[in-house]
Structures are given as C-alpha cells and as structure tokens.
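These are the residues of each chain, in order.
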Amino acid sequence: MTNAFSLSSGRIGRLASALREAMPQSIGLDPTRTIEVVGRPTPVLGNASTALNLDCSIPDEFTKQTGATATIFVKHDKEFVRISTSVKKQNGERALGTTLNHAHPAYARLLAGQSYIGYATLFGTQYLTQYDALTDATGRVIGALYVGIDVSREK
C-alpha cells in the first residue's frame, strides 16, 4: 500500500523536474559581479543574457501554473542565498535574501550535488520540500532550486 508521503514525494519530484526545465540553459556563476539582494551582495547567477538575481519571473510563473512555491538560491560563501522566489513572509514580502545554511538538513546534500526531500516550516506554513543542487558546466555547485507544496492545502 502506498502512503501519503510517497504520493506527495512523487509529485514533488515531478514539480522539481518542471522547475529545472523552466530554467535558462547554461547557468553559471559570475563571482566578479554582484547584485544586492535585500542588503546582501550576491554573485550574479545566470547566463550571458540573463541574471536571475531579483528576477522572480521564473518562480512566479511556476507557482501560477502549479500552485507550488519555488526558489532559486545562489551559493555564496558558506550559505545558499534566496535570490529569486515566490515564497512570501507572513507580512506578504518576498523572502528574498533569506538563507539556507549548514544547520539545514538539505545543506550537506546540496554541497554533494544531491537532492533533499523533507518537511520544512517557512514563515508559518508547513511544506513538503525538495531542494536540488544547481551546478555549472564543470559540475561545481553554484546554487540550488527549491520547490514546496503547502501540506495544509494537500489535506
């Protein structure tokens, strides 16, 4: 018999694949250029024509089409910084500039280039989440993608 977690984890995996497909091709990190995200200088993540920092069009379109939340993180120093997101704080502001650091259970898996599925409470809402490492052409981890399903809506 299949349990609710395995049904939801299958769905979250499909959603994570859809978000990855929505990303521009040939993503790279330009640590020589920075864009300030809520008072935090972050390296430019994108390609030759597009910087993803502060451009929330991909997560917004993803959320509009799927109902799930989405985030693009850039790897900066010892944190993953949320640079593009449809996740909102309780006051309605986007959760830009918030971080995923070494204390988060996804952190070590992302650094190893792996995915993480688990539950997280973000700004008062509980989500089933999937975090996937974003790598450049050489395989170096340069960021992460996040997809979240609001579990209160799934019941």
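Residues numbered from 1 in each chain as written. Predicted model: local features only at pLDDT ≥ 70, side-chain atom pairs only at ≥ 80, totals over all residues. Heavy atoms only, no water.

**Student:** I keep staring at the environment of Asp-136 and nothing clicks. Help me out?
**Tutor:** Within the secondary structure, Asp-136 sits in the loop between strand 7 (125-135) and strand 8 (141-150). Here the alpha-carbon distance between Asp-136 and His-76, two residues 60 residues apart in the chain, equals 14 Å. Other than its neighbours up to four places away in sequence, Asp-136 contacts Ile-27 and Ile-142. Within the structure, the side chain of Asp-136 is placed 2.6 Å from the side chain of Thr-138, a separation counted as a polar contact. (Helix = DSSP H or I, 4+ residues; strand = E, 2+ residues; numbered from the N terminus. Contact = heavy atoms within 4.5 Å. Polar contact = N/O pair within 3.5 Å; in protein donor to acceptor, adjacent residues only side chain to side chain.)

**Student:** How should I be thinking about the layout of surface pockets in this particular structure?
**Tutor:** Rolled over the atoms, a probe sized like a water molecule indicates the empty space that remains. Size it by volume and the largest pocket reaches roughly 270 Å³. Looking at the lining of the largest pocket, the elements that each hand over two or more residues are helix 2 (57-66), strand 7, strand 8 and helix 4 (151-154). Looking at side-chain class alone, the lining of the largest pocket contains four nonpolar, seven polar and five charged residues. (1 Å grid on protein atoms, 1.4 Å probe; cavity = no way out; pocket = protein on both sides within 12 Å on 5 of 7 lines; lining within 4 Å. Points joined across faces, edges and corners; volume = space filled by probe spheres on them. Nonpolar A, V, L, I, M, F, W, Y, C, P; charged D, E, K, R; others polar.)

**Student:** Quick question: what am I supposed to make of the environment of Gln-130 here?
**Tutor:** Position of Gln-130 relative to the elements: it lies in strand 7. If we ignore the near neighbours within four places in the chain, the residues touching Gln-130 are Ile-12, Gly-13, Ala-16, Ser-115, Tyr-116, Ile-117, Leu-145, Tyr-146 and Val-147. One polar contact links Gln-130 to Asp-132, side chain to side chain, over a distance of 3.0 Å.

**Student:** What should I look at first to understand the sheet that holds strand 4 (residues 79-85) in this one?
**Tutor:** Across a sheet, paired strands are connected by hydrogen bonds in the backbone, their directions being either parallel or antiparallel. Reading across the sheet, the six strands line up as 5-4-3-8-7-6 and stay open at both edges, with antiparallel pairing between neighbours. The sheet is open, and its two borders are formed by strand 5 (99-100) and strand 6 (116-122), each paired with just one other strand. Sheet topology places strand 3 (residues 69-76) next to strand 4; six bridges connect them, and they run antiparallel. The partner of Phe-73 across the bridge, within strand 4, is Arg-82. With respect to the sheet, helix 2 is in contact with strand 3, strand 4 and strand 8, its orientation differing from that of strand 3 by roughly 155°. (Pairing = 2+ DSSP bridges. Axes fitted to C-alpha atoms, helices over the stretch in contact; angles between N-to-C directions.)

**Student:** So what exactly am I meant to see when it comes to the pattern of salt bridges here?
**Tutor:** A pair can form between side chains of opposite charge whenever their charged atoms are brought close. Applying the stated criterion to the full structure yields four salt bridges. Where Asp-30 meets Arg-33, a salt bridge forms, and the shortest distance between an N and an O atom there is 3.6 Å. Classification of Asp-30 by relative accessible area gives partly exposed; the value is 23%. Notably, a salt bridge pairs Arg-40 with Glu-79, separated by 2.9 Å at the nearest N-O pair. With a gap of 39 residues between them, Arg-40 in strand 2 (residues 40-46) and Glu-79 in strand 4 connect regions that are remote in the sequence. (Salt bridge = Lys/Arg side-chain N within 4 Å of Asp/Glu carboxyl O. Buried < 20%, exposed > 50% of the residue type's maximum accessible area, 1.4 Å probe, protein only.)

**Student:** Help me out: how do you make sense of the packing of aromatic side chains in this one?
**Tutor:** Note on aromatic pairs: each is described by the distance of the centres and the angle between the planes. One pass over the full model with this rule turns up four aromatic pairs. On the basis of an interplanar angle of 40° and a centroid distance of 6.2 Å, the ring pair of Phe-73 and Tyr-131 is categorised as tilted. Pair noted here: Phe-73 is in strand 3 and Tyr-131 is in strand 7, with a separation of 58 residues, a long-range link. Overall, the relative accessible area of 1% leaves Tyr-131 in the buried class. For the ring pair Phe-80 and Tyr-107, a centre distance of 5.8 Å and an interplane angle of 80° mean the geometry is edge-to-face. In this pair, Phe-80 sits in strand 4 while Tyr-107 sits in helix 3 (residues 107-111), placing the two residues 27 residues apart along the sequence. Both residues of the pair, Phe-80 and Tyr-107, count as buried. Ring-pair connections join several aromatic residues into one group, and the members of that group are Phe-73, Tyr-116, Tyr-131 and Tyr-146. (Phe/Tyr/Trp six-rings, centres within 6.5 Å; stacked < 30°, edge-to-face > 60°.)

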